Protein chains: 2
Amino acid sequence: MTEPVSDFYSIIPAGGIGSRLWPLSRADAPKFLHDLTGSGQTLLRDTWDRLAPLSGPDRIAVVTGRAHRAAVEKELPGIADANVFLESEPRESTAAIGLAAAILSRREPDVIVGSFPADQVIRVPHLFEWAVQQAIAVAREGYICTIGIPPTEPSIGFGYIKKAGELIVDGAPEAAMVERFVEKPNLATAKEYFADRSYLWNAGMFIARADVLLGEIAESRPQLYAGLMDLAEAWDDHAARGPVVDRVWPTLEKIAIDYTVAEPAAERGRLAVIPGHFDWDDVGDFASLAKLNSHGRKNDLAILGSNARVLADSASGIVVSQTKRVISLIGVKDIVVVDTPDALLVTTSENAQRVKGVVDALKLTGRDVL
Amino acid sequence: MTEPVSDFYSIIPAGGIGSRLWPLSRADAPKFLHDLTGSGQTLLRDTWDRLAPLSGPDRIAVVTGRAHRAAVEKELPGIADANVFLESEPRESTAAIGLAAAILSRREPDVIVGSFPADQVIRVPHLFEWAVQQAIAVAREGYICTIGIPPTEPSIGFGYIKKAGELIVDGAPEAAMVERFVEKPNLATAKEYFADRSYLWNAGMFIARADVLLGEIAESRPQLYAGLMDLAEAWDDHAARGPVVDRVWPTLEKIAIDYTVAEPAAERGRLAVIPGHFDWDDVGDFASLAKLNSHGRKNDLAILGSNARVLADSASGIVVSQTKRVISLIGVKDIVVVDTPDALLVTTSENAQRVKGVVDALKLTGRDVL
């Protein structure tokens, strides 16, 4: 067993709904509360289990919406009240991660924090631990460190991190500097990146001293930083917290941490990266869910759902069954069928990214099934 | 308004389940009890409404299973008890139509009967009436008369009727003799038939004097005929019927009327045909259901179901909605989605004929949803 790193604290932002996985993923049952691998437990719990050996289970904070508090506490029965940071409304990742960093930094000024999305699938835990341990070593030197995934295909579904020269840090033999962050590319560009080998997938993980992370926010977004400081100051004072949250939280700028921390830090040569050699997938849509679950299944039809009754004849793709209905598929290839009590989706792997458009349309006509 | 023909009696065999329309069509909700056209009423009721002007509503008999008695009487509130002929178990069309002919012939020796499937879609009623009126005129001359549909495409889903020379009968200017009946052909043969013009689709309608029809059965299947006679003799005797039905019905040979009446009569030059110029479809599978319902709908996606909530993006084919669920279709072409409370079917028009195979498989593992 790995010994936990004593000055390290894990942060799990559990916020996004995962619109591209509708109708499996919902406002009241977001992606991180699902078992997407047939492992028998939710992605959130998987994330917790991965982090417990690194920071110790008492040093894992979850930032989530008020509506998900009960579900989160049910999934993580060991979590202390003081480690649940509730958002009164979603305000994007700078606010979520910044709030956690600000509170933890106040409690423990030299703390190193690591932020890890709640809804990814990661296999081979010891390789994950090894990457995070290296990232902590780099963070201790004052860098902001991210973990990048060596691409296994020219994906257009992920952002990329361009590595620069190597960074010499004790305990982090694979560390490198980051030249820049790039958004999801088109296919031609993705192919260049894939051939280039100096590009890694951005897995949305950040490890840094809390004060260094907050320093980047202070630099790039002084107002947002000031708001986070106000919140952190009041947070552990039971009487003060409520009014400050009500006043400050709704005013915080909604912006991803990539823009407020990662990109500016990369520009100023303060961003490092460790390659993660573990199996990784952010399961962004049903095409990747199908791929993730079809290994070795007959006819390549993946079936998700413990009570599934599926009768397939020349069918491939994925079926997600959340009802007890018999589902019969005949002659449909690369199909995606998601069967829930109040909504049914039928599409193909090729069209999986378009699911978000349906969710947008439902905001007008079908809020009851969002 | 047409005057009913005084010596004519309509028979509606309402027996088949329509396996290729599973899970819409079920043992307890067979095809003839569905509205497949969005007309607002069932196919059985449509059939009744088409026949009422020809025989009068008091002279329409329905042959159906005991399990469907209540549903049939609900659909046809005007039907007299004496016009409902219940089968204790299905024994194919010779037994069903033969039973009705035998009972009616006993009640009214010179009666002309016409048998019309309960589950077809027919448009332009006055053309249907005109065809049946001609067929009645031919039947009165001692022929067995069928109605054949001039093909609109080289279908492999129907049997064909090969016309021979014309038949001179007063009141039936379009009458012709039938050379032979042919089973569903392969595509090459269907193309020949379509080009030939002397082939018509077999719509499964037979019009004849009841005694002539029964004479054909007596000739081809003497035992079956004897059973029908025993049943007819006891039928209208309340005390006698039950025991005779229990004894005789289960012993009747299961055989289609095509083999016992139509083919032998054609061979002996006793089968005539009238072309039916009305729109006709037997809606044998979901491909034809899609075609039937997609006229003029945007993107060619047909939607069947009064409470349907369908959100489609680049989808074509057909959705049958029997639940209140939101159904979202993205980028699926020629798709068939049938959404019922306990079973879901997803296939394509091209695979529509394979639905029967699923039903066969369910006989082993899923009788609860048949």
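Residues numbered from 1 in each chain as written. Chains lettered and ligands numbered in written order. Predicted model: local features only at pLDDT ≥ 70, side-chain atom pairs only at ≥ 80, totals over all residues. Heavy atoms only, no water.

- An unreviewed UniProt entry lists chain A under the name Mannose-1-phosphate guanylyltransferase, from Microbacterium kribbense.

Topic: the environment of valine 84 of chain B
Residue and element names in this part refer to chain B.
Stage number 1. The residue valine 84 is located in strand β3 (residues 84-87) in this model.
Stage number 2. Taking the C-alpha atoms as reference, valine 84 lies 5.1 Å from valine 62; in sequence the two are 22 residues apart.
Stage number 3. With residues up to four places along the chain from it excluded, the contact list for valine 84 reads Val62, Glu73 and Ile79. (Helix = DSSP H or I, 4+ residues; strand = E, 2+ residues; numbered from the N terminus. Contact = heavy atoms within 4.5 Å.)

Structural notes on the sheet that holds strand β17 (residues 343-348) of chain A
Sheet strands pair via backbone hydrogen bonds, and the direction of the pair is either parallel or antiparallel.
Stage number 1. Read from one edge to the other, the open sheet built from six strands follows the order β12(A)-β14(A)-β16(A)-β17(A)-β15(B)-β13(B), with strand pairing classed as mixed. Two strands in the sheet have a free side with no partner beyond their single neighbour: β12 (301-304) of chain A together with β13 (309-313) of chain B. In this sheet, neighbouring strand axes are inclined to one another by 10° on average, regardless of whether the strands run parallel or antiparallel.
Stage number 2. Taken together, the five bridges between β13 of chain B and strand β15 (residues 326-330) of chain B define a ladder with parallel strand orientation. Bridge assignment links leucine 311 of chain B to a residue of β15 of chain B, and that residue is serine 328 of chain B.
Stage number 3. Strand contacts of helix α10 (residues 286-293) of chain A: β12, β14 (317-321), β16 (335-339) and β17 of chain A, with the helix running at about 95° to β14 of chain A, the strand carrying the most contacts. (Pairing = 2+ DSSP bridges. Axes fitted to C-alpha atoms, helices over the stretch in contact; angles between N-to-C directions.)

Focus on the pattern of salt bridges
Stage number 1. Inspection of every chain in the model, using the stated rule, returns 38 salt bridges over all chains.
Stage number 2. Salt-bridge contacts for arginine 26 of chain B lead to aspartate 342 of chain B; the nearest nitrogen and oxygen are separated by 2.7 Å. On the criterion of sequence distance, the pair formed by arginine 26 of chain B in the loop between β1 (8-14) and α1 (43-55) and aspartate 342 of chain B in the loop between β16 (335-339) and β17 (343-348) is long-range, its members being 316 residues apart.
Stage number 3. Given the relative accessible area of 8%, arginine 26 of chain B is considered buried.
Stage number 4. Classification of aspartate 342 of chain B as partly exposed rests on a relative accessible area of 28%.
Stage number 5. Between arginine 325 of chain B and aspartate 339 of chain B there is a salt bridge, with the nearest N and O atoms lying 2.6 Å from each other. Placement of arginine 325 of chain B in the loop between β14 (317-321) and β15 and of aspartate 339 of chain B in strand β16 is noted, with a sequence separation of 14 residues between them.
Stage number 6. In this structure, a network of salt bridges that share partners links the residues Arg325 and Asp339 of chain A together with Arg325 and Asp339 of chain B. (Salt bridge = Lys/Arg side-chain N within 4 Å of Asp/Glu carboxyl O. Buried < 20%, exposed > 50% of the residue type's maximum accessible area, 1.4 Å probe, protein only.)

Describing the relation of the copies chain A and chain B
Stage number 1. With an RMSD of 0.0 Å, the operation that places chain A on chain B is a rotation of 180° combined with a shift of 0.0 Å along the axis. With respect to symmetry, the two chain copies, as superposed, fit the operation of a two-fold axis. Minimal C-alpha distance to the rotation axis in chain A is attained by valine 346 of chain A, lying at 4.1 Å.
Stage number 2. Mapped onto chain B, 100% of the interface residues of chain A again fall at the interface, so both copies present the same surface. (Least-squares fit on C-alpha atoms with pLDDT ≥ 70 in both.)

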